[in-house]
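Observations on chain architecture
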Amino acid sequence: MSDSDLLTQKYSSDVKRQKFNDATINHAMNFIIDNCPTKSGSSIIQPRQYLNDAELYTNYLSSNPKEEITLVSLNTFMKYKK
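Residues numbered from 1 in each chain as written. Predicted model: local features only at pLDDT ≥ 70, side-chain atom pairs only at ≥ 80, totals over all residues. Heavy atoms only, no water.

Some details on the packing of helix α2 (residues 22-35) against helix α3 (residues 53-61)
- Direction vectors running N to C along α2 and α3 enclose 125°, while the axes themselves pass 11 Å from each other. Between α2 and α3, the crossing angle belongs to the class labelled oblique. Remark: the crossing between α2 and α3 carries right-handed chirality. Counted together, His-27, Ala-28, Phe-31 and Asn-35 of α2 and Leu-56, Asn-59 and Tyr-60 of α3 form the full contact between these two elements.
- A breakdown of the residues in the contact of α2 with α3 according to their chemical character gives 4 nonpolar, 3 polar and no charged. (Axes fitted to C-alpha atoms, helices over the stretch in contact; angles between N-to-C directions. Helix = DSSP H or I, 4+ residues; strand = E, 2+ residues; numbered from the N terminus. Parallel < 35°, antiparallel > 145°, perpendicular 65-115°, else oblique. Left-handed = near helix turned anticlockwise from the far one by under 90°. Contact = heavy atoms within 4.5 Å. Nonpolar A, V, L, I, M, F, W, Y, C, P; charged D, E, K, R; others polar.)

Next up, the structure:
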């Protein structure tokens, strides 16, 4: 491996990324869809955010999911929101 590969690598080679189960991802996506409704009368289904990011994430943290669902971090939540 060259030095340039090490600089562009997101994780070191011995680290395994944590994978979320489907229930965790579904909970985050459903929360975003439920809390960012489509504009009334719009022919395109496109969620619109009426709260700022901090309020939306705070509401997500207090959504109290089932025990087998872990809550995602702010960065992961923002990635799903896009």
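With respect to the pattern of salt bridges
- Under the defined criterion, the tally for this structure stands at 1 salt bridge.
- Across the pair Asp-53 and Lys-81 runs a salt bridge whose closest N-O atoms are separated by 3.0 Å. Placement of Asp-53 in helix α3 and of Lys-81 in helix α4 (residues 74-81) is noted, with a sequence separation of 28 residues between them.
- Here Asp-53 falls in the partly exposed class, since its relative accessible area comes to 34%.
- Owing to a relative accessible area of 24%, Lys-81 belongs among the partly exposed residues under this scheme. (Salt bridge = Lys/Arg side-chain N within 4 Å of Asp/Glu carboxyl O. Buried < 20%, exposed > 50% of the residue type's maximum accessible area, 1.4 Å probe, protein only.)

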